[in-house]
Every structure is written in C-alpha cells, then in structure tokens.
Amino acid sequence: MNNALFENQIDNIKFYQSHSSLKPFIGGKYTNNEAGIKILLVGESHYVKEPWPEITSKSLLNDWWSEIPPQIYDISWYTTRGTIHNFMSGKSGAAYALFREPCKIYNQCFLNGKYQQWQDIYNIFDSFAYMNYFQMPALYERISLWNSLLKFNNESDKFHPLSLEIWNKTEKLSNDVFISVLEVLKPDKIVFLSTEAYNAFKRQNKIYDANKIFATVHPTCPWWNRKMKNGLSGKEKLIKYFNTLIEEGK
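Note that the structure is a prediction, hence the values are computed from the model and not measured. (Residues numbered from 1 in each chain as written. Predicted model: local features only at pLDDT ≥ 70, side-chain atom pairs only at ≥ 80, totals over all residues. Heavy atoms only, no water.)

What am I meant to see in the overall build of the protein chain here?
Per the secondary structure count, the protein chain includes 10 helices and 5 strands. Projected onto its principal axes, the C-alpha positions of the protein chain cover 55 × 45 × 40 Å. Here the protein chain, with 250 residues, has 50% of them falling under the buried criterion. The long-range fraction of contacts in the protein chain, counting pairs at least 24 apart against all pairs at least 6 apart in sequence, stands at 67%. Averaging the coordinates of the 29 positive side-chain charges in the protein chain and doing the same for the 25 negative ones gives two points 5 Å apart. (Helix = DSSP H or I, 4+ residues; strand = E, 2+ residues; numbered from the N terminus. Buried < 20%, exposed > 50% of the residue type's maximum accessible area, 1.4 Å probe, protein only. Contact = heavy atoms within 4.5 Å. Lys, Arg positive; Asp, Glu negative; His and termini not counted. Charge placed at Lys NZ, Arg CZ, Asp CG, Glu CD.)

Just checking my understanding: could you explain the pairing of strand S4 (residues 189-192) for this structure?
In the case of a regular strand, side chains alternate between the two sheet surfaces. Residues Lys189 and Val191 of S4 are buried on one face, and the alternating residues Ile190 and Phe192, pointing to the opposite face, are buried as well. For strand S2 (residues 39-43) and S4, the ladder comprises 4 bridges, and the chain directions are parallel. Counterpart to Leu40 in the pairing with S4 is Ile190. Of the strand pairs in this sheet, S4 and strand S5 (residues 213-215) are connected by 3 bridges, and their pairing is parallel. Looking at the pairing, Val191 lines up with Phe214 of S5. (Pairing = 2+ DSSP bridges.)

Help me out: how do you make sense of the layout of surface pockets in this one?
Space left empty within the atom packing is revealed by a probe, the size of a water molecule, rolled over the atoms. In this model, the largest pocket occupies a volume close to 840 Å³. For the largest pocket, the lining is made up of 26 residues, of which Ser45, Tyr47, Ala95, Arg142 and His218 are closest to its centre. The volume enclosed by the second largest pocket comes to roughly 150 Å³. Its residues placed into classes, the lining of the second largest pocket shows 8 nonpolar, 1 polar and 3 charged. (1 Å grid on protein atoms, 1.4 Å probe; cavity = no way out; pocket = protein on both sides within 12 Å on 5 of 7 lines; lining within 4 Å. Points joined across faces, edges and corners; volume = space filled by probe spheres on them. Nonpolar A, V, L, I, M, F, W, Y, C, P; charged D, E, K, R; others polar.)

Honestly, the side chain of Gln135 in this entry has me stumped. Any pointers?
Considering the arrangement of structural elements, one finds Gln135 in the loop between strand S3 (128-132) and helix H7 (145-152). From its side chain, Gln135 meets the backbone oxygen of Asn132 in a polar contact 2.7 Å long. If near-sequence neighbours (up to four positions away) are discounted, Gln135 is found in contact with Phe15, Tyr16, Leu22, Trp64, Trp65, Ser174 and Val177. (Polar contact = N/O pair within 3.5 Å; in protein donor to acceptor, adjacent residues only side chain to side chain.)

Have a look at this one:
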C-alpha cells in the first residue's frame, strides 16, 4: 500500500477529521525500508506550554473530543507531523531525543553504522511510522499528561476524582483511535517509547499479540542510559530488540 492510500484511510478516521494536528507521521520508506520491517514507533503525548484560561475540566472531559475541540494553546506546539519534520530538517535539543535515538540505534543495528552525518541519520526516521498514544496533549510543558491533569485540577495523587475521570476517558478514546490506526498501517512491529503509554495500552487491551509489541522507557528519561532492574538501560533494551529482529529475519 502506498502512502496516498494510507492517507486516505487515516483521513477517514473520524477523530482526525477534527484533530488533524495529531495525525500519525508515515515515513516515505515505511513499507520499503532497509530493515524490511514496518515499524510503528509510539510516544506518550504532545505537551503545550500552558492551557488557555478558557479551558475547564468540563471542556477537557467533553469538548476536546467533539468535532470542534477547544484550542488548548498554539496548535504549532502539538502537531505530530510538524514536530517530526522539524527534527528531520535538523532541529536539535533534548526533546528531539525521542526521534533521534531510534534513528541512531536503527543505523547501528540494521545498517551497521552506514550513516555518519547527522542529516543522513535524522532521515532514517522516514523508515518509521510514528504516533502518540494519548490523543490529548499534556497541559504544561515537559510533564506527563497525568501530572498535568493533577496540576490543572489542583489535585494530588491521593485525591484526584476530576483528573481520574478525564484520564479514564482519554485513555479509552485514545486507544480507540490507536486501534483504528493499526488497522490502517498494519505494522509488523509496534515499539512503545513510553512505559506509561504501554501500560495504558495493556489496560485497554487484555488480549494482544505480545510478539508484535515491544516497550522501553522514553529516550529523555534518565533510565534510557541508566541500568534498570533487568540489568539493561532503556537504550540497551532497544538495541537488543532490534538485534533480535535481525536474527529472526536470517
């Protein structure tokens, strides 16, 4: 299937007809890359600097999912494809590690370090498809969606009825969109780059193909480079996984 057909089917997903900024990125080489594997990378969520004063808990619970969602903030801050195009054009910074690290590991594992220039390494992202699992951005800069809800509602981890109501609806409806995207893209492998997103996926899908799913920590997380209880860092886990895919393909 070529990307034009992918686009037509993505556009037919009702949610994206009113939330086009969150449409998944589909690399030009997604179905024809050097690894010979269709890989969907899954992040957690976008984030914005802060919500507008007009945003309320009620609007997050209901209006966000309507055909005319409220503007949480400047839309340029949560455009999936725009963010990735910025990265591929050479933008740097800690936040772009989410995209940069998978490219570097793909280059190391599948391509034996073929590319050395950053331009070539960044362009490896064209071999992936990418989307965020949660279809609502975190409401403040550089904190998780859950923590942003707690902050917005002035709640704590021990007392959070408003945040939990918004979270539960967001998790369920986000998963509905996620499954719709999987039906279109039909990835061979799904790589979660967020344990929070992966845990949400497992809560919403009691039965799934475990051989198709892999999860590691977010590349901006300290555990990306720090060994965890299993003796591997998040980065080492992804390297090991990609090398396993190579062995399976031989």
